[in-house]
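Each chain is listed here by its residues.
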Amino acid sequence: MQTMHQILLKIGPAAFRIASAWRQPLEQLEALYRDYPAPPDDLVDFTVRLEPGKPWRRHIRPSVHIGGDFWLPDAAPLPLSQGLLAGEMGMNLQMALGWRRHLLLHASSVEKDGQALVMTGLSGSGKSTLSAMLAQRGWRFMGDEFALMSLESGEIVPFPRLISLKNRAIRAMEEVAPADRFGPAMTGTPKGDIRHLVPPRTAIDRMGEPARPALLLFPRFGHVPALRDMGQSEIFVRLTQASTNYVALGEAGFRALTRFVDQVPARAMDYQSIDQAEELIERLWSKGR
Amino acid sequence: MMHDARLLADALRDPASTGALSSSEWTDLVSIARAESLIGSLAHRLADIGLPDRVRAIMQDAIEAHDLARRQALWEADCARRALADYRGKIVLMKGTAYVTADLAAGTGRSIGDLDIMVARDDLPVVESALLDAGWEWVKPDPYDDRYYRDHMHELPPLIHRERDRMIDVHHTILPLTARPAPNAQAIMDRAVMLDNGLHVMAPADMLLHSIAHLFADGDLAGGLRNLWDINLLVRQFAGADKQFWPELDIRAKTHGLASEMRRALRLAARLYDTPVSGAIAGSSEIADYLYVRRLLARDGYGRETRKLTRFGFYVRSHWLRMPPLMLARHLWTKWRKGGKSPS
């Protein structure tokens, strides 16, 4: 069998072994996750495998197949130049298909005053960019991809992975974040241009500190600024769609989600710029949500 | 990093042996167990053993995930029962769903995918149309595949429920019609045991022999460690409860033409899982047993399939066993032209 290289990473409550047929993706991950602590006792929850789909793809036009403990049968391989992205996608996949210790929402989250703002929406809604921007403006970054909701307490547990900036958000963040915290620029990925950003140091140092959710937003980029109330049933259904493990958790997931919908105020938010969004968010936040 | 799956077989056989594992061995064990669909079984085996915190959490996740799988399997069986409420014949549950419905040890923590049932061959059209009425649909609309299933397989082409997205395989015997052993389906139906809900499961010896047929004759030993673990648990439970089990097994194995498969399965189970088997029935070990063990353990600590050549040998063998040479050639030729995969 081909030899594999490996590294261990711990992000929030989850720990990973990333095994790869090539060194390059691991060296990139290692550099970008340099501020993160090692998994205690070197124990991990999941293994991600980055390997050639066919043996000759190790050297000839190398392409990275994403595998691991949990996998999808029809995942398309990526060129080796996007190996870092493959590693990140591999970790996402383990969480989405295998994590059961929290309710997982496709959402970004930030914290202020000990309370969490959760933002969910379809790809392109701007939830990831908003969390990255707010992290530059006094909020603590908790995660841009998955919000982890405690099944017992309902608190949001940080999962501050690398921030995955896409297309126009890359330029916007390059203007405000330190240059040494960016990964390599990748063009022409299945999701367009992608560049990873290491979360601020405090987000990493405090990734063990959960926060009670105080506001849920459904942002929508590109529309005239507006806030809109939503019915509880609409909120509930959209959150079940935003969750990767709601069905798998059965009754525990149902209880956590209904409690969340009961207790956390929610709004749909349209915006055309970060400044507008920040103003709307600050208004809601200062009103006591 | 471990080079084969022996770590998993050892942990299942002797849970206390995990006390000496290093962190990286634990990581290997978890990856192997997930890849072999044995993580739920392993989690239950380790329930009373002291474990590192993170491993304990992984095992707890697996127990809860399989609790849900169990509930879904029971629900799916009940859906089929209701869809076939007007059907007068026996509906015999098979494999994982049978184990959990009959509350057997082999059902504990077992992963369960499709619902497998068996009915009398003459009744297939009735059962098929009742299921279609109740919301199941064809998965493979391809005419060649459809014809192939109906002419040569031991089951209807798979059906999927349009709302619940769950598959049902309706069998009329336990091996493809083209396979060399020809089990006696009528004898299986006659001896089937009725459960409280009116559904049936196979009698103990038949249930074990089906698991054995599934391991060897129908497939290339993919998922073999899991099948062999089923066999281990069934043997322990049945032989422990009934002194007449061994002679009964011997007779039924001959009835179904599975005597040599039965002996080999018992030897492999004893070798990997310390299954207490009657030496008189299992026979003495053969050189080929070594190849089977090599194939069963062909997975490394990253969860990767290893020993490609051994695997390929068993793959070829599985097709060889399944159909006569001329038919195999015709089948592979048709499949190759279509660029598809062979059934199952």
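Residues numbered from 1 in each chain as written. Chains lettered and ligands numbered in written order. Predicted model: local features only at pLDDT ≥ 70, side-chain atom pairs only at ≥ 80, totals over all residues.

Turning to the overall build of chain B, a few remarks are in order. If you tally the helices and strands in chain B, you get 16 helices and seven strands. If one aligns the C-alpha atoms of chain B with their principal axes, the spans along those axes are about 55 × 45 × 45 Å. By the burial criterion, 41% of the 344 residues in chain B qualify as buried. The contacts of chain B with a sequence gap of at least 6 include a subset with a gap of at least 24, amounting to 65%. (Helix = DSSP H or I, 4+ residues; strand = E, 2+ residues; numbered from the N terminus. Buried ≥ 20, exposed ≤ 12 C-beta atoms within 10 Å, placed from the backbone. Contact = placed C-beta atoms within 7 Å.)

To continue, consider the sheet that holds strand S11 (residues 163-166) of chain A. Each strand in a sheet pairs with another by means of backbone hydrogen bonds, the pair being arranged parallel or else antiparallel. Residues and elements named next belong to chain A. Here we have three strands laid out as an open sheet, ordered S11-S13-S12, and antiparallel in their pairing. Among the strands making up the open sheet, the edge pair consists of S11 and strand S12 (182-189). Pairwise comparison of adjacent strand axes, ignoring direction, gives a mean angle of 25° for this sheet. Bridge count between S11 and strand S13 (residues 192-197): four bridges; the pairing is antiparallel. Each residue of the ladder has a partner; that of Leu 165, found in S13, is Arg 195. Of the strands in this sheet, S11, S12 and S13 touch helix H2 (residues 83-98), which is tilted by about 95° from S12. (Pairing = 2+ DSSP bridges. Axes fitted to C-alpha atoms, helices over the stretch in contact; angles between N-to-C directions.)

Right, let's get into the domain arrangement of chain A. Residue and element names in this part refer to chain A. Taken domain by domain, chain A comprises domain 1 (5-98) and domain 2 (102-161 + 199-286). A C-alpha centroid distance of 26 Å is found between domain 1 and domain 2. Counting residues at the interface gives nine residues for domain 1, matched by 13 residues for domain 2. For the side of domain 1 that touches domain 2, the element with the most residues is H2, which contributes four residues. Grouping the constituent residues of the side of domain 1 that touches domain 2 by class yields five nonpolar, two polar and two charged. (Domains from an automatic or database assignment. Nonpolar A, V, L, I, M, F, W, Y, C, P; charged D, E, K, R; others polar.)

For helix H1 (residues 24-32) of chain A, the full list of buried residues reads A:Pro25, A:Leu26, A:Leu29 and A:Leu32. What you see down the axis of H1(A) is that its buried residues fit within an arc of 130°, all on one side. (Arc of directions from axis to C-beta.)

All names here are of chain A. Spatial ordering of the open sheet is given by S1-S2-S3-S4-S5, a layout of five strands whose pairing is mixed. Where the open sheet ends on each side, the last strands, each with one partner, are strand S1 (5-11) and strand S5 (78-79). Taken together, the five bridges between strand S2 (residues 14-20) and strand S3 (residues 46-52) define a ladder with parallel strand orientation. The residue of S3 that forms the bridge with Ala 19 is Arg 49. Against the sheet, H1 touches S1, S2 and S3, its axis set at about 30° to S1.

On to the packing of helix H9 (residues 204-216) of chain B against helix H12 (residues 259-273) of chain B. Residues and elements named next belong to chain B. The N-to-C vectors of H9 and H12 enclose an angle of 85°; their axes lie 9 Å apart at closest approach. As judged from the angle between their axes, H9 and H12 are roughly perpendicular. Contacts from Leu 209, Ile 212, Ala 213, Leu 215 and Phe 216 in H9 reach Glu 261, Met 262 and Ala 265 in H12. For the contact of H9 with H12, the class distribution of residues is seven nonpolar, no polar and one charged. (Parallel < 35°, antiparallel > 145°, perpendicular 65-115°, else oblique.)

As a further point, take the nonpolar core. Counting residues in hydrophobic clusters, the biggest one holds 174 residues, and the most contacted among them are B:Leu8, B:Ile117, B:Ile212, B:Leu228 and B:Ala269. Taken together, domain 1 (5-98) and domain 2 (102-161 + 199-286) of chain A each give at least three residues to this core, which thus spans both. With sequence-adjacent residues up to four places away left out, B:Leu228 is seen in contact with B:Leu215, B:Leu268, B:Ala269, B:Leu272, B:Tyr273 and B:Leu296. (Core = buried A, V, L, I, M, F, W, Y, C linked by C-beta atoms within 7 Å.)

Moving on to the packing of helix H10 (residues 224-241) of chain B against H12(B). Helix packing for two helices is described by the angle between their axes and how far apart those axes are. All names here are of chain B. For the pair H10 and H12, the least separation of the axes is 10 Å and the interaxial angle reads 95°. In this view, H10 runs roughly perpendicular relative to H12, as classed from their interaxial angle. Packed against H10, whose contacting residues are Leu 228, Trp 229, Ile 231, Asn 232 and Val 235, the element H12 presents Ala 265, Leu 268, Ala 269, Leu 272 and Tyr 273 at the interface.

Attention shifts here to the pairing of S12(A). Residues and elements named next belong to chain A. Examined bridge by bridge, S12 and S13 share four bridges and lie antiparallel to one another. By the bridge assignment for S13, Ala 185 is matched with Arg 195. Connecting S12 to the antiparallel partner S13 that follows it, the hairpin turn spans two residues.

At the interface, 17 residues of chain A touch 20 residues of chain B. Contributions of two or more residues to the side of chain A that touches chain B are made by S2 and S3 of chain A. Element by element, the count of residues in the side of chain A that touches chain B is highest for S2(A), at three residues. By residue class, the composition of the side of chain A that touches chain B is seven nonpolar, two polar and eight charged.

Turning to helix H3 (residues 127-135) of chain A, a few remarks are in order. For H3(A), the tally of buried residues reaches nine of nine residues, placing the bulk of the element in the interior. Looking at H3(A), one finds that the buried residues are A:Lys127, A:Ser128, A:Thr129, A:Leu130, A:Ser131, A:Ala132, A:Met133, A:Leu134 and A:Ala135.

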